[in-house]
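Reading the structure
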Amino acid sequence: MQGQLRKLYGQINRPILYDLPLDSTKIALNPLIGKTIKLVNTGNIRCVHCSRAIKKTYNQGYCYPCFISLAQCDMCIMKPHTCHYAAGTCREPAWGEEFCFQPHIVYLANSSGIKVGITRQSQIPTRWIDQGATQALPIFKVKSRHISGLIELVISKHISDKTNWQQMLKKTAEPINLTARRDELIKLCETELTQIKQSFAPEAIEFLTQEQTLELDFPITQYPAKIKSLCLTKTPEITGVLQGIKGQYLLLDAGVLNIRKYSGYEIAFSA
């Protein structure tokens, strides 16, 4: 099978069901665990947005013109507390209104340890699967990405807002009582959270007190003893026994491969 690669598609199940998208085809990966697979980089790359033929990608699959012009590639997507829509300088106001001004969730997750994160409500549980989280708990529902970013920034002063991907791929994280940690963090951040609430309409921020922790299982038969990162540009042909899948990574006996990193690459896949 050959086609343009996109990020792994994960479906909630026990364990998570993974597909490898190549153009419009999805290859079921779970049945291939324990088997030898091969990925070959043909050398052809196309922008995931405009399909322009390119030599390298920016921001996981974009050409440079799209990277510097699209709102979805702006720094405020990674740091939503810096949203500049109100200043009238959004790259694509219509796109911002559609994607940023919709319900967002602030959550706690456990992938390489506890972290705080945000995502559009419509992206749950996809966001947690992509991060390799074994536990996740929604804690706030808010009206916009900007508000979720302000809350995330406050909480990130006490816990990480990033996943340690090497640690995530070495083992399953030790279970955490996320509800108890939520309550501790809310108390620690009470003053700052109150200030944020006072800056917006009362209905803009909802504290989710009744949510339960979601447990996620990943299809892994063996964790790597040592993390060796594989690269499809330096090694255009990668072959190995598929030992598991977690987050956006294929765990092979030859090393680990971040599929999302190569969005837009044309890949020949065989097993």
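Residues numbered from 1 in each chain as written. Predicted model: local features only at pLDDT ≥ 70, side-chain atom pairs only at ≥ 80, totals over all residues. Heavy atoms only, no water.

The next point concerns the pairing of strand β15 (residues 265-270). For strand β1 (residues 2-4) and β15, the ladder comprises 3 bridges, and the chain directions are antiparallel. Note that in β15 the partner of Gln 2 across the bridge is Ala 268. One ladder, built from 5 bridges, connects strand β5 (residues 36-46) with β15; its direction is antiparallel. Bridging from a neighbouring strand, Leu 39 pairs with Phe 269 of β15. (Pairing = 2+ DSSP bridges. Helix = DSSP H or I, 4+ residues; strand = E, 2+ residues; numbered from the N terminus.)

Right, let's get into the sheet that holds strand β4 (residues 25-28). Here 3 strands make up an open sheet; going across it, the order is β2-β3-β4 and the pairing antiparallel. Each edge of the sheet is formed by a strand with only one pairing partner; in this case those strands are β2 (9-11) and β4. The sheet shows a mean angle of 30° between the axes of neighbouring strands, direction not considered. In this sheet, β4 lies alongside strand β3 (residues 17-22) in antiparallel orientation, the contact comprising 4 bridges. Within β4, the residue paired with Pro 21 across the bridge is Lys 26. (Axes fitted to C-alpha atoms, helices over the stretch in contact; angles between N-to-C directions.)

All chains considered together, the criterion is met by 7 salt bridges. Note that Asp 74 and Arg 91 form a salt bridge whose closest N and O atoms lie 3.7 Å from each other. Highlighted residues: Asp 74 in the loop between α1 (64-69) and α2 (75-78) and Arg 91 in the loop between α2 and α3 (93-99), separated in sequence by 17 residues. The exposure class assigned to Asp 74 is buried, which follows from its relative accessible area of 12%. Since its relative accessible area comes to 34%, Arg 91 is described here as partly exposed. The structure contains a network of salt bridges with shared partners spanning Lys 7, Asp 130 and Arg 260. (Salt bridge = Lys/Arg side-chain N within 4 Å of Asp/Glu carboxyl O. Buried < 20%, exposed > 50% of the residue type's maximum accessible area, 1.4 Å probe, protein only.)

A few words on the nonpolar core. Residues Leu 29, Leu 39, Leu 250 and Phe 269 are the most contacted members of the largest nonpolar core, which totals 38 residues. For this core, the secondary-structure elements that each account for two or more residues are β3, β5, β12 (237-246), β13 (249-252) and β15. Contact partners of Leu 250, with chain neighbours within four places excluded, come to Leu 8, Leu 29, Ile 37, Leu 39, Leu 242, Gly 244, Ile 245, Gly 255, Val 256, Leu 257 and Ile 259. The next biggest cluster of nonpolar side chains, apart from the first, holds 22 residues, and it includes Val 116, Ile 139, Phe 140 and Leu 178. (Core = buried A, V, L, I, M, F, W, Y, C linked by side-chain atoms within 4.5 Å. Contact = heavy atoms within 4.5 Å.)

Tallying each qualifying case throughout the model produces 0 disulfides. The cysteine Cys 47 is free of any disulfide, with Cys 50 supplying the nearest cysteine sulfur at 3.7 Å. Its relative accessible area of 0% is what places Cys 47 among the buried residues. (Disulfide = S-S within 2.5 Å.)

What follows deals with the packing of helix α5 (residues 145-155) against helix α8 (residues 190-198). Relative orientation of the contacting elements α5 and α8 amounts to 170°, with a least axis distance of 10 Å. In this view, α5 runs roughly antiparallel relative to α8, as classed from their interaxial angle. Residues Leu 150, Ile 151 and Val 154 of α5 lie in contact with α8, whose contacting residues are Glu 192, Leu 193 and Ile 196. Among the residues forming the contact of α5 with α8, the class breakdown is 5 nonpolar, no polar and 1 charged. (Parallel < 35°, antiparallel > 145°, perpendicular 65-115°, else oblique. Nonpolar A, V, L, I, M, F, W, Y, C, P; charged D, E, K, R; others polar.)

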